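Each chain, written out:
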Amino acid sequence: MTHATPSRIQVVAHRGASEDAPEHTLAAYRKAIEDGADGLECDVRLTADGHLVLVHDRRVNRTSNGRGAVSALELADLAALDFGSWKDREESPDWDADPALTSVLTLERLLELVSDAGRPVSLAIETKHPTRWAGQVEERLLFLLKRFGLDTPPADGPHPVRVMSFSARSLHRVRAAAPTVPTVYLMQFITPRMRDGRLPAGVTIAGPGIRIVRNHPGYIRKLQVTGHSVHVWTVNEPEDVQLCADLGVEAIITNRPRQVLSQLGR
């Protein structure tokens, strides 16, 4: 397997340019595209009325002025909340506090943004859902990808979308319904059954956290020897960027896309 060189490592904006603007907002994703990010990462959750919104946590308490579980709220309830003012403007002065840029963002709106970007921008979409929504998140996600023509790979390049999850079952649902959509198995720990570099059946991309990469660089080699690509999250510090570059990983997911691109000579 050919490992990526620094100039070929894909730089993916984690929840948008989330160091500079409130995560998962239009402001953060526009900033990431302006900064030159190769791709955008997002987490999707299903609302009570069946919309996929970009919210990481199960509850909205941390990133909005509201309270409650995303799955118990309708889109109109979420649209009434402020998802921007929690971000420290003194630390991150470059984002616009316009409510239109910091209200809840749907996956549909993000897909529209990518379609209008004027250049290829890939998407790394992580599925998140409570047990009672099992299967519905993936179903709605693949419906939207198909509507935007993103459910099949182009004839002349890589697939513009990959679906990520810590749940092998979620990835299995995606592969069963859309076999050509790449899937990424996210990892916080190395489980005994995966120490030899194996991933769940059909998954071709490993998604280890940066802690795994720091503590077990040899494991990254095992993944690569086994034929898997490696996409690492969340890589913010220069020494971690350099480690990933030295190991030849294919993608770096970061809150700081502009700085990482600069460090990689881009």
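Look above for the structure.
In this text, all values refer to a predicted model and were calculated from it rather than measured experimentally.

About the criteria used
Residues numbered from 1 in each chain as written. Predicted model: local features only at pLDDT ≥ 70, side-chain atom pairs only at ≥ 80, totals over all residues. Heavy atoms only, no water. Salt bridge = Lys/Arg side-chain N within 4 Å of Asp/Glu carboxyl O. Helix = DSSP H or I, 4+ residues; strand = E, 2+ residues; numbered from the N terminus. Buried < 20%, exposed > 50% of the residue type's maximum accessible area, 1.4 Å probe, protein only. Arc of directions from axis to C-beta. Contact = heavy atoms within 4.5 Å.

Moving on: the pattern of salt bridges. Enumeration according to the criterion identifies 15 salt bridges in this entry. For Lys 31, the salt bridge identified is with Asp 35, shortest N-O distance 2.9 Å. A residue pair is termed a helical-turn pair when its members lie 3 or 4 positions apart in one helix, as Lys 31 and Asp 35 do in helix 1 (residues 26–35) at 4 residues. No difference in accessibility class separates Lys 31 from Asp 35, as the two residues are buried. Linking Arg 198 and Asp 196 is a salt bridge whose minimum nitrogen-to-oxygen distance equals 2.9 Å. With relative accessibility at 40%, the residue Asp 196 sits in the partly exposed group. Counted as one network, the salt bridges with shared partners bring together Arg 15, Glu 23, Asp 43, Asp 57 and Arg 62.

Let's shift gears to helix 8 (residues 217–225). Those residues of helix 8 that sit buried are Tyr 219, Ile 220, Leu 223 and Gln 224. Angular distribution of buried residues about the axis of helix 8 spans 145°; they occupy a single face of the element. On its buried side, helix 8 packs onto strand 6 (183–187), strand 7 (205–208), helix 7 (210–215), strand 8 (229–232) and helix 9 (238–247). Just downstream of helix 8 lies Gly 227, where phi reads positive at about 100°.

So, on to the environment of Ala 69. Within the element layout of this structure, Ala 69 appears in the loop between strand 3 (52–54) and helix 2 (75–79). Since its relative accessible area comes to 11%, Ala 69 is described here as buried. Sequence-wise, Ala 69 and Glu 19 are 50 residues apart; in three dimensions their C-alpha atoms are separated by 24 Å. Not counting residues within four places of it along the chain, the set of residues in contact with Ala 69 comprises Arg 58 and Arg 59.

For residues besides glycine, phi is generally negative; the peptide bonds are generally trans as well. Notably, Arg 15 is not glycine yet its phi reads approximately 60°, a positive angle. Along the polypeptide, Arg 15 turns up in the loop between strand 1 (10–14) and helix 1. Positive phi is not limited to glycine here, since His 24 has a value of about 65°. Mapped onto the fold, His 24 is located in the loop between strand 1 and helix 1. Judged by relative accessible area, His 24 falls into the buried class, the value being 3%.

Coordinates in, geometry out; function isn't part of it.
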